[in-house]
Amino acid sequence: MQFVSETETDSDSSSHGVLIDSTGDVVIKPCTEAEIDFYEKTLQLHRDFAAHMPTYMGQVRTKDDSNNDHHHAAVSSTPGTTLPSTALETETAIVLENLAAGFVRPNILDIKLGARLWADDAPLEKRARLDAVAASTTSGSLGFRVAGMRVWRGRPAGAVESEGRTDPEAGYQIYDRTYGRNFNTVTVKTAFDEFFLPADYACDIRARRHVVEKCVRELGELQEKLEKMECRMYSASILCVYEGDNSALDAAIREERFPGRLDSDEESSEPEVPKVATLKLIDFAHAKWTPGFGPDENLLQGVRSVHRILEDLLASSNTNGPTSDL
Ligand SMILES: Nc1ncnc2c1ncn2[C@@H]1O[C@H](COP(=O)(O)OP(=O)(O)O)[C@@H](O)[C@H]1O
Ligand SMILES: [Mg+2]
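Each chain carries its own residue numbering, running from 1 in the written order of its sequence. Starting at A for chains and at 1 for ligands, labels are handed out in the order in which the entities are written. Local features in this predicted model are restricted to residues of pLDDT 70 or higher, and side-chain atom pairs are both shown and tallied only at a pLDDT of 80 or more, whereas totals for entire chains, interfaces and linings draw on every residue. For the side-chain quantities, the full set of heavy atoms in the structure was used; hydrogens and water were omitted.

- You'll find the protein chain entered in an unreviewed UniProt entry as Kinase, with Viridothelium virens given as the organism.
- UniProt positions are given in the numbering used here, feature names are shortened, and annotations may be inferred rather than shown by experiment. Of the comments in the UniProt record for the protein chain, the one headed Sequence similarities (unreviewed entry) reads "Belongs to the inositol phosphokinase (IPK) family."

**A few points about the packing of helix α5 (residues 205-228) against helix α6 (residues 246-257)**
Then, number 1: Relative orientation of the contacting elements α5 and α6 amounts to 60°, with a least axis distance of 10 Å. As summarised for this structure, α5 and α6 are arranged oblique, according to the angle between their axes. Once α5 is placed against α6, the crossing between them reads as left-handed. In this structure, α5 uses A207, R208, H210, V211 and K214 to contact α6, whose residues at the interface are N246, L249, D250, I253, E256 and R257.
Then, number 2: Within the contact of α5 with α6, the residues separate by chemical class into four nonpolar, two polar and five charged. Helix axes are fitted only over the stretch in contact, all axes being lines through C-alpha atoms; the angle between N-to-C directions runs from 0 to 180 degrees. Every helix listed is a DSSP run of H or I at least four residues long, and every strand listed is a run of E at least two residues long, numbered separately from the N terminus. The cut-offs work like this: below 35 degrees is roughly parallel, past 145 is roughly antiparallel, 65 to 115 is roughly perpendicular, and the gaps in between are oblique. By convention the crossing between two helices is left-handed if the near helix lies anticlockwise of the far one by an angle smaller than a right angle, and right-handed if it lies clockwise. In what follows, residue pairs with any heavy atoms lying within 4.5 Å of each other are defined as contacts. For this scheme, ten residues count as nonpolar: Ala, Val, Leu, Ile, Met, Phe, Trp, Tyr, Cys and Pro. Four count as charged, namely Asp, Glu, Lys and Arg, and the remainder, Gly too, count as polar.

**Re the environment of G260**
Then, number 1: Within the fold, G260 resides in the loop between α6 and β11 (277-282).
Then, number 2: Considered as a pair, G260 and V273 are 13 residues apart in the sequence and their alpha carbons are 8.8 Å apart.

**What to know about α5**
Then, number 1: An expected span of 1.5 Å times one less than the residue number is assigned to each helix. Here α5 contains 24 residues, and its C-alpha end-to-end distance of 35 Å stays within 8% of the 34 Å for a straight helix at 1.5 Å per residue.
Then, number 2: Polar contacts, as used here, are pairs of N or O atoms within 3.5 Å; protein pairs need one atom able to donate a hydrogen and one able to accept it. Residues neighboring in sequence count only if both atoms are side-chain atoms. The backbone nitrogen of R206 has a side-chain oxygen 2.8 Å away, supplied by the residue at the start of α5, namely D204.

**Re the side chain of N107**
Then, number 1: Here N107 lies in strand β6 (residues 106-113).
Then, number 2: Here N107 is in contact with R150, V151, W152, Y172, F195, R208, C240, V241, Y242 and G244, once residues within four sequence places are set aside.

**Re the sheet that holds strand β8 (residues 172-175)**
Then, number 1: Reading across the sheet, the five strands line up as β8-β7-β6-β10-β11 and stay open at both edges, with antiparallel pairing between neighbours. Looking at the sheet topology across the chains shown, the edges are occupied by β8 and β11. Averaged over all pairs of adjacent strands, the angle between their axes in this sheet comes to 15°, without regard to strand direction.
Then, number 2: Pairing between β6 and strand β7 (residues 144-152): six bridges, direction antiparallel. The residue of β7 that forms the bridge with I108 is R150.
Then, number 3: Contacts from α5 reach β6, β10 (237-243) and β11 within the one sheet, and its direction differs from that of β11 by about 35°. Pairing between strands is defined by DSSP: at least two bridges between the two strands are required.

Written out as structure tokens, the structure reads:
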């Protein structure tokens, strides 16, 4: 699986790619000490906030293998998993719950939060560069911008598998970091329409409304918590994932309504519960707890803007949304 990776020049962590382990359940992200510190402090001091972040499973050290020019991750804290042989640029990495795990066709939206995107320790040149990006995008006006997304549109008719293997990305539409830079305060809603109700892709509008309702609820809970918390997060993102496969989404919604009624496979002792959607905060390279400093209004502006847009989307899909295939 490939992620919507922000390897742009204003992606300001030391991360050069998030890796996925062979089981698909966890991701391994090269990171700074500050990010490790934020995860660990959250677990120690703000446990109820951890529910809005990917589950943190610990850190791994990457070590220099003298037989090889590259650095390899030593995944000692996650027995039974292996990494693809990709070079890492930093010496530390964190092991996190893969938020896309458990979805058949994960649709993923990364929303970068904040009008100010740099932390206090950023050099002047970086502040100016990120301020310029913010000023020309919805980061400046709404406190967020769409950093990237991928949307399942189904395998194109006539797609052929090569040598029995299918490209795992075939059938997804990828919207890169440039996509979200061209919106203004009005046009940005197009991105949310495309994400939740992709044009030219037949889907059940009631199921998609259910997804948006769930995201609005989770975002509302996150907003409420942030209004009471004292932290500063620069360049953090909301990562929103939902089930892009129509029949898997139907099954997940049925399971939510009538838990335990799914036909489970007799063979498997732990039938996987299908998922509708999940929405969490990620990317804490420039985040810290700041007791005494009040809520993070820079972050909250973006959260409130996204919340409002999702509520508007719900209201408009109620009356004049695209025709469903029901
Ligand atoms: N826990 C996670 N589960 C799934 N995908 C993730 C997770 N963490 C990061 N990603 C993916 O990797 C990308 C980059 O991660 P991020 O933490 O934003 O680092 P950076 O932007 O500093 O490179 C995200 O946009 C997202 O697509
Ligand atoms: Mg990021």
